[in-house]
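Commentary on secondary and tertiary structure
Spelled out, the chains give:
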Amino acid sequence: MTQETVAPASEAVLDREETISRDELEALQLSRLQHTVAYAYDRVPLYKRKFDETGVHPTDLRELSDLGKFPFTTKEDLRLEYPFGMFAVPQHEVARIHASSGTTGRATVVGYTKKDLADWAKLVARSLRASGVRPGMKVHNAYGYGLFTGGMGAHAGAEALGCTVIPISGGQTERQITLIQDFKPDAILATPTYLLTIADAMMKQGIDPASTSLKYAVLGAEPWTEEMRHELETTMNIKACDIYGLSEVMGPGVAGEAVETQDGSHIWEDHFRPEIIDAFDPSRVLGDGEPGELVFTSLTKEALPIIRYRTKDLTRLLPGTARPAHRRMGRITGRSDDMIILRGVNLFPSQIEEIALRIPELSPHFQLELTRPEGQRMDQLTVRIERRETVTVEDVASAAKVLQQQIKIHVGSSCAVDVVEPGSLERSNGKLRRIYDLRPKA
Ligand code: DLL
């Protein structure tokens, strides 16, 4: 079979829920929400305890705005209920388990029934299709396989869409390049920084990353900026779209971006009800357009219903465009726990990415180092960034100054900039660590 069997992007057949009206969608949300809160209350002791303590009962949920009366769920709740305390079904009904790496504490464990897995695959398929992927395409899946939801979640979605999946997982970059050249995939699924690693390694091998068979990339699992999209699209000659998700809510495919508009991921609101709250005063539910912390309630999940989960992701809700009934999320500026507070100024790595990538001499490879020099009470931020291969050491002296000034203007922080040699900073294998906090622990 040849490429001719692949349907052009315009011929996508959408799920019925993608095209329903906002009114119809909200009616569906309300009935599913009423079911979910009652189901969680009846089956998960933690929810019963929290609802009772707050003085709310599932019957109090009469309209969508009543959701604000219910208590939040946090990562800490999942940790306390480790491993299976949040499950709402007996273990033999749990078809699969995933877990977070547990690098910042006890792992958080999530479970799926067979129906949950089918819903998940359907939503990832919907997201991939929105991003330009079509049945019959070859999909190179470089999200990590294993307990992380990225690999297997993306895999099942691509299969459900009717693609040919190449389950390479993350890492072994040389091998990824060989397979991209030999198997000629149409689409790649990876974190944005890992795709950057692949492009970079291709250039080192003398391969033009724009010359491969790849046409689409569906990128997520970490914050990325419009500037990074531009970088990847131009170097690789692809269309790059966002996919968002988190394990506690489902995994990848909670939201996905449409290739025709490329204006932020549509949250699949037939399965998740989003809210934005004030991260500092969580009792305040904010209106559409206002920036704050994203909160999700699942509407259809069986094994792990999740009520008002505080994601810590900072963004805002925007009106639907390509899928008018489903609201979009703005780009995630960062996570509230990834925020650097430098001498009273809040700063996110994505702000540095945005600024650095507008300076032609500088590459997208950078790290942020936080130190407190001996005997000083002030913290110091150093932006360590690689110069582009194409420029000389002399060229970068002024680029470093520009970066420093732009950070001062747009972020409000003074910092040091250290321009380093191409290839000297650690490359991403998945989710890239940008911040190196070397300050003495309090
Ligand atoms: O990263 C799920 C996923 C896999 C999403 C593959 C997309 C693609 P977790 O490991 O639980 O799950 O991490 C979830 O990653 O709360 C965000 O902070 C961040 N994140 C995920 N997608 C995006 C995105 C997966 N598109 C956490 N943009 C989330 C920005 C993202 N941040």
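The structure reproduced in this document is the subject of the present report. (Residues numbered from 1 in each chain as written. Predicted model: local features only at pLDDT ≥ 70, side-chain atom pairs only at ≥ 80, totals over all residues. Heavy atoms only, no water.)

Scanning the protein for helices and strands turns up eleven helices and 22 strands. Relative to the globule expectation of 22 Å for 442 residues, the C-alpha radius of gyration of the protein, 22 Å, shows essentially globular dimensions. For the C-alpha atoms alone, the extent of the protein along its principal axes is close to 70 × 65 × 40 Å. Taking all 442 residues of the protein together, the buried fraction comes to 55%. As displayed, the protein offers around 19100 Å² of accessible surface, 52% of which is attributable to carbon and sulfur atoms. Within the protein, the 62 negative side-chain charges are centred at a point lying 2 Å from the centre of the 53 positive side-chain charges. (Helix = DSSP H or I, 4+ residues; strand = E, 2+ residues; numbered from the N terminus. Rg over C-alpha atoms; globule rule 2.2 N^0.38 Å. Buried < 20%, exposed > 50% of the residue type's maximum accessible area, 1.4 Å probe, protein only. Areas by Shrake-Rupley, 256 points an atom, 1.4 Å probe, with all protein chains shown as cover. Lys, Arg positive; Asp, Glu negative; His and termini not counted. Charge placed at Lys NZ, Arg CZ, Asp CG, Glu CD.)

Here we come to the site of the ligand. The immediate surroundings of the ligand are formed by 19 residues, with Asp242, Ile243, Ser247, Asp313 and Lys431 found nearest. At a separation of 3.3 Å, a nitrogen atom of the ligand approaches a polar backbone atom of Glu222. Between the ligand and Ile243 there is a distance of 2.7 Å, counted from a nitrogen atom to a backbone nitrogen or oxygen. Alone, the ligand offers 610 Å² of accessible surface; in the complex the protein occludes 92% of this. Listing elements by their share of the shell around the ligand, those giving two or more residues are helix H6 (149-161) and strand E7 (239-246). Take the shell around the ligand: its biggest share by element is five residues, from E7. (Near = heavy atom within 4 Å. Polar contact = N/O pair within 3.5 Å; in protein donor to acceptor, adjacent residues only side chain to side chain.)

Pairing is mixed in the open sheet, where four strands are placed in the order E21-E20-E19-E22. Edge positions in the sheet fall to strand E21 (416-420) and strand E22 (435-437), since each of these pairs with one other strand and no more. Taking the axes of each pair of neighbouring strands and ignoring which way they run, one obtains an average angle of 20 degrees across the sheet. In this structure, strand E19 (residues 362-371) lies alongside strand E20 (residues 380-387), joined through seven bridges in antiparallel fashion. Among the inter-strand pairings, Leu368 is bridged to a residue of E20, identified as Val383. In the packing of helix H10 (residues 349-356) onto the sheet, the strands contacted are E19, E20 and E22, and the crossing angle to E19 comes to about 145 degrees. Packing of helix H11 (residues 393-410) onto the sheet brings it into contact with E19, E20 and E21, and relative to E21 it is tilted by some 150 degrees. (Pairing = 2+ DSSP bridges. Axes fitted to C-alpha atoms, helices over the stretch in contact; angles between N-to-C directions. Contact = heavy atoms within 4.5 Å.)

One pass over the structure, following the stated rule, counts 44 salt bridges. The salt bridge involving Glu269 is made with Arg22; its shortest N-O contact spans 2.9 Å. Taken together, the residues span a long stretch of sequence, with Glu269 in the loop between strand E9 (265-267) and strand E10 (272-277) and Arg22 in helix H2 (residues 22-43) at a distance of 247 residues. Look at Glu269 and you get buried, because its relative accessible area is 0%. You can call Arg22 partly exposed: its relative accessible area is 24%. Put simply, Asp119 and Lys115 hold a salt bridge, and the shortest N to O gap is 2.8 Å. (Salt bridge = Lys/Arg side-chain N within 4 Å of Asp/Glu carboxyl O.)

Helix packing geometry: the angle between the two helix axes and the distance between the axes. The N-to-C vectors of helix H8 (residues 192-204) and helix H9 (residues 226-236) enclose an angle of 35 degrees; their axes lie 11 Å apart at closest approach. With respect to the hand of their crossing, H8 and H9 are arranged in left-handed fashion. Listed contacts from H9 to Pro192, Thr193, Leu195, Leu196, Ala199, Met202 and Met203 of H8 are Met228, Glu231, Leu232, Thr235 and Met236. Classifying every residue of the contact of H8 with H9 gives nine nonpolar, two polar and one charged. (Left-handed = near helix turned anticlockwise from the far one by under 90°. Nonpolar A, V, L, I, M, F, W, Y, C, P; charged D, E, K, R; others polar.)

What the rule picks out here adds up to seven aromatic pairs. Consider the rings of Tyr41 and Phe51, whose centres lie 5.7 Å apart with planes at 20 degrees: the pair is stacked. One end of the pair, Tyr41, is in helix H2; the other, Phe51, is in helix H3 (residues 45-54), with ten residues separating them in the sequence. Considered together, Tyr41 and Phe51 belong to a single accessibility category, that of buried residues. (Phe/Tyr/Trp six-rings, centres within 6.5 Å; stacked < 30°, edge-to-face > 60°.)

Glancing now at the nonpolar core. Counting 68 residues, the largest nonpolar core has Tyr47, Phe51, Leu128, Val133, Tyr244, Val249 and Phe296 as its most contacted members. Element by element, the count of residues in this core is highest for helix H5 (residues 114-130), at six residues. In this structure, Ile188, Ile198, Ala199 and Met228 belong to the second largest nonpolar core, which totals 25 residues. (Core = buried A, V, L, I, M, F, W, Y, C linked by side-chain atoms within 4.5 Å.)

This part is about the pairing of E20. In terms of residue burial, E20 counts as a mostly covered element, since six of its eight residues are buried. Pairing between E20 and E21: five bridges, direction parallel. By the bridge assignment, Val383 is partnered in E21 with Val417. Traced from E20 through H11 to E21, the parallel crossover comes out right-handed. (Right-handed = clockwise from strand over helix to strand, strands pointing away.)

Glancing now at the environment of Ala130. Mapped onto the secondary structure, Ala130 falls in helix H5. Residues Ala130 and Glu260, spaced 130 residues apart in sequence, show a C-alpha to C-alpha distance of 8.3 Å. Beyond its immediate chain neighbours, meaning those up to four positions away, Ala130 contacts Glu257, Ala258, Val259, Glu260 and Arg323.

Consider a sheet: its strands pair through backbone hydrogen bonds, and that pairing is either parallel or antiparallel. The strand order E11-E10-E12-E13-E16 describes an open sheet built from five strands, whose pairing is antiparallel. Every interior strand has two partners, whereas the edge strands, strand E11 (285-286) and strand E16 (334-335), have only one. As paired elements, E10 and strand E12 (residues 292-298) share six bridges and run antiparallel to each other. When the sheet's bridge partners are listed, Arg273 is paired in E12 with Thr297. H2 contacts E10 and E12 of the sheet and is inclined by roughly 90 degrees relative to E10.

Geometric descriptors of this kind do not, in isolation, establish any biological role.
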